[in-house]
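Coordinate analysis (summary)
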Amino acid sequence: MATTADIKNGLVIEYNNDLYQVVDFQHVKPGKGPAFVRTRLRNVRSGKMLDNTFSAGHKITTARVEQRPHQFIFKDDMGYNFMDLNTFEQVALPEEMVPFADLMKEGQEVTILFHAETETPLTCEIPPFVELTITYTEPGLKGDTATNASKPAIVETGATIQVPLFIGQDEKIKVDTRTYSYAERVK
């Protein structure tokens, strides 16, 4: 058991008979009335966001989760298959448990969250930035902009990312997986 004073980003708690990860929190002490903690929670299984307010000192139940490094091997009709980098065991996850799967290429290292008591996989997290090669994009026209303009580009995994006009085909780019956007060119 923990209290609202123990809340921090990334903490996994049991709430409404489900597991939620704290994405953001703010301790608020108004001039009049009791203090409270405003939180933004993400359901670990479904990925849905939930805004919730706990009164200060409220008891919460924390869940024990473990992050284990895995490597993406291949995708088949059962879902996505990963290999544990420590024990070399394979784990298959359904598509709904792998967010941003279209930014993963074979051999990509990911982190899978496991519930420590039940040893069941909860979700898969890919790194915040991945390097991908552009397979197709329209050529950009010089002088075609008034401000920061972008164009669609298809990367090697099949995902479509908006990139600046100066990016050409067969270039390597760094993609921000949290916002699904272009970050920078890779040399």
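Residues numbered from 1 in each chain as written. Predicted model: local features only at pLDDT ≥ 70, side-chain atom pairs only at ≥ 80, totals over all residues. Heavy atoms only, no water.

You'll find the chain entered in an unreviewed UniProt entry as Elongation factor P, with Pontibacter chinhatensis given as the organism. Checking UniProt for the chain, the heading Subcellular location (unreviewed entry) contains the comment "Cytoplasm". What the UniProt record of the chain gives under Function (unreviewed entry) is the line "Involved in peptide bond synthesis. Stimulates efficient translation and peptide-bond synthesis on native or reconstituted 70S ribosomes in vitro. Probably functions indirectly by altering the affinity of the ribosome for aminoacyl-tRNA, thus increasing their reactivity as acceptors for peptidyl transferase." (UniProt positions renumbered as here; feature names shortened; annotations may be inferred.)

Our focus in this paragraph is the environment of Phe129. On the secondary structure map, Phe129 appears in strand S12 (residues 129–137). Along the primary structure Phe129 and Phe25 are separated by 104 residues, whereas in three dimensions their C-alpha atoms are 24 Å apart. Those residues within four positions of Phe129 in sequence are excluded, and the remaining contacts are Lys174, Val175, Asp176, Thr177, Arg178 and Ala183. (Helix = DSSP H or I, 4+ residues; strand = E, 2+ residues; numbered from the N terminus. Contact = heavy atoms within 4.5 Å.)

With that out of the way, let us pick up the layout of surface pockets. Its boundaries defined by the atoms lining it, the largest pocket holds a volume of some 370 Å³. Along the walls of the largest pocket sit 15 residues, with Glu125, Ile126, Pro127, Thr177 and Arg178 positioned nearest its centre. Elements with a contribution of two residues or more to the lining of the largest pocket: strand S10 (109–115) and strand S11 (121–125). Tallied by class, residues from the lining of the largest pocket come to 8 nonpolar, 3 polar and 4 charged. (1 Å grid on protein atoms, 1.4 Å probe; cavity = no way out; pocket = protein on both sides within 12 Å on 5 of 7 lines; lining within 4 Å. Points joined across faces, edges and corners; volume = space filled by probe spheres on them. Nonpolar A, V, L, I, M, F, W, Y, C, P; charged D, E, K, R; others polar.)

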